[in-house]
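Residue-level listing of the chains:
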Amino acid sequence: MFVTAAWACLLCCVGAGLADPRPERWVERCGGVHALCRYIDRATLEPRIDRKFEVALPFSEGLAAVRSEGKFGYINSSGDMVIAPMFDLARAFLKGHAEVVAGDKAGIIDRTGKLVLPPNYARAIPFAADAALVRPGKAIVPASFGFPRFMIGELLFERDDPRYLLVDLLSGKILKDELTIKEFDFGTFVWAAQPGDKRYGLLAPDGTWKIEPRVETVGKLHGGRAISRRHPMRRDRPGRSNYSRPTAV
């Protein structure tokens, strides 16, 4: 009897469409008279959080950045504002930290809203639980309507190979400076080149090299592997290049 009841319950759930309770699986939807945003369940399209935000960004680690009355704060899965709206820009949490912008400077906060890295940079990207990649200068704040530029992609719009510093969040110590960085996987490694060197290596959050700089062209990490190329393509052998096999990391 117990088995029969269990199967019946399972079939009912499948037939009705099981709602996903995890906020990371919810999606933001904006519209209506005032173009406000809400969150709905991706699977069932059922409303989860009412329409009340000017901008709503995806949930990450149980929190979501939203804009209210012109400023960004963070809500929990109940829709409660747990980090007060005080930032001009904000982005997703990664390993317990998030990049925020106040005025024209970027810094990093923790899940309580405390600044663990003061807003003194153009970019301040959390890298693992206790490190960050920062770029000196002023942050670019877009118009009041629309998504901030750095929320679309990490380095998609970077030009002229801007230089980054690798900073330890606990001590504030600079572990590496004048780095050119490419695609990276948060919490593991970043493709980085040292000053005056066009070769890239895989840099760990503690400043050590997983793979010493030796490749000139690098690709995104997929399942612990990435395509890399050590030298320019050879022209003396038509139809062939010297792209290496995927590098295991």
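Keep in mind that this is a model prediction, so the values were computed, not measured.

Re the overall build of the chain
Thinking step 1. Helix and strand counts for the chain come out as one helix and 22 strands.
Thinking step 2. Within the chain, the fraction of its 249 residues that count as buried is 40%.
Thinking step 3. Considering only intrachain contacts with a sequence separation of at least 6, the fraction spanning at least 24 residues in the chain is 35%.
Thinking step 4. A total accessible area of about 14,200 Å² is found for the chain, and carbon and sulfur atoms account for 55% of it.

Digging into the packing of aromatic side chains
Thinking step 1. Considering all chains together, one arrives at three aromatic pairs under this definition.
Thinking step 2. Ring geometry for Trp26 versus Phe59: centroids 5.7 Å apart, planes at 80°, classification edge-to-face. Of this pair, Trp26 sits in strand 1 (residues 26-31) while Phe59 sits in the loop between strand 4 (55-56) and strand 5 (64-68), and the two are 33 residues apart along the sequence. Both residues of the pair, Trp26 and Phe59, count as buried.
Thinking step 3. With centroids separated by 5.0 Å and ring planes inclined at 65°, the aromatic side chains of Tyr39 and Phe59 adopt a geometry described as edge-to-face.

As for the pattern of salt bridges
When the charged atoms of two side chains with opposite charge come close together, those side chains can pair.
Thinking step 1. Following the criterion strictly, the structure yields seven salt bridges and no others.
Thinking step 2. The residue Arg48 makes a salt bridge to Asp41 at a minimum N-O spacing of 3.3 Å.
Thinking step 3. Residue classification places Arg48 among the partly exposed residues on the basis of a relative accessible area of 32%.
Thinking step 4. Residue classification places Asp41 among the buried positions, given a relative accessible area of 1%.
Thinking step 5. Ionic pairing is found between Arg123 and Glu99, a salt bridge with its closest N-O pair at 2.9 Å.

Some details on the sheet that holds strand 6 (residues 71-75)
Strand pairing within a sheet occurs via backbone hydrogen bonds; the two strands may be parallel or antiparallel.
Thinking step 1. Pairing is antiparallel in the open sheet, where four strands are placed in the order 4-5-6-7. Of all strands in the sheet, those bounded by a partner on one side alone are strand 4 and strand 7 (81-87).
Thinking step 2. With two bridges joining them, strand 4 and strand 5 adopt antiparallel strand pairing. Residue pairing for strand 5: Ala56 is matched across the bridge by Val66.

Notes on the confidence of the model for the chain
Thinking step 1. Averaged over every residue, the pLDDT of the chain is 78; residues scoring 70 or more account for 69%.
Thinking step 2. Of all helices and strands in the chain, the one with the weakest mean pLDDT is helix 1 (residues 2-16) (41), whereas strand 7 scores best (97).
Thinking step 3. Confidence over residues 2-18 falls short of pLDDT 50; this stretch has four contacts with residues more than four positions distant or in other chains.
Thinking step 4. Across residues 143-154 the pLDDT falls below 50, and counting only partners more than four positions away or on other chains, this stretch makes 24 contacts in the model.

Considerations on the state of the cysteines
Thinking step 1. A complete count under the given rule lists one disulfide for this structure.
Thinking step 2. Between Cys30 and Cys37 runs a disulfide, and the two sulfur atoms are separated by 2.0 Å. The S-S bond linking Cys30 to Cys37 shows a torsion near 105°; that makes this disulfide right-handed.
Thinking step 3. Residue classification places Cys30 among the partly exposed residues on the basis of a relative accessible area of 47%.
Thinking step 4. Overall, Cys37 belongs to the buried group, its relative accessible area being 1%.

A closer look at the sheet that holds strand 10 (residues 105-110)
Thinking step 1. Judged by pairing direction, the sheet is antiparallel, and its four strands sit side by side in the order 8-9-10-11 without closing on themselves. For this open sheet the edge positions go to strand 8 (89-94) and strand 11 (115-121), each flanked by a neighbour on one side alone. Pairwise comparison of adjacent strand axes, ignoring direction, gives a mean angle of 15° for this sheet.
Thinking step 2. In this structure, strand 8 lies alongside strand 9 (residues 97-102), joined through four bridges in antiparallel fashion. Residue pairing across strands places Phe93 opposite Ala98, the latter belonging to strand 9.

Let's talk about the side chain of Ser60
Thinking step 1. Within the secondary structure layout, Ser60 lies in the loop between strand 4 and strand 5.
Thinking step 2. Beyond its immediate chain neighbours, meaning those up to four positions away, Ser60 contacts Glu24, Ala92 and Phe93.

The rules behind these values
- Residues numbered from 1 in each chain as written.
- Predicted model: local features only at pLDDT ≥ 70, side-chain atom pairs only at ≥ 80, totals over all residues.
- Heavy atoms only, no water.
- Helix = DSSP H or I, 4+ residues; strand = E, 2+ residues; numbered from the N terminus.
- Buried < 20%, exposed > 50% of the residue type's maximum accessible area, 1.4 Å probe, protein only.
- Contact = heavy atoms within 4.5 Å.
- Areas by Shrake-Rupley, 256 points an atom, 1.4 Å probe, with all protein chains shown as cover.
- Phe/Tyr/Trp six-rings, centres within 6.5 Å; stacked < 30°, edge-to-face > 60°.
- Salt bridge = Lys/Arg side-chain N within 4 Å of Asp/Glu carboxyl O.
- Pairing = 2+ DSSP bridges.
- pLDDT = per-residue confidence, 0-100.
- Disulfide = S-S within 2.5 Å.
- Axes fitted to C-alpha atoms, helices over the stretch in contact; angles between N-to-C directions.

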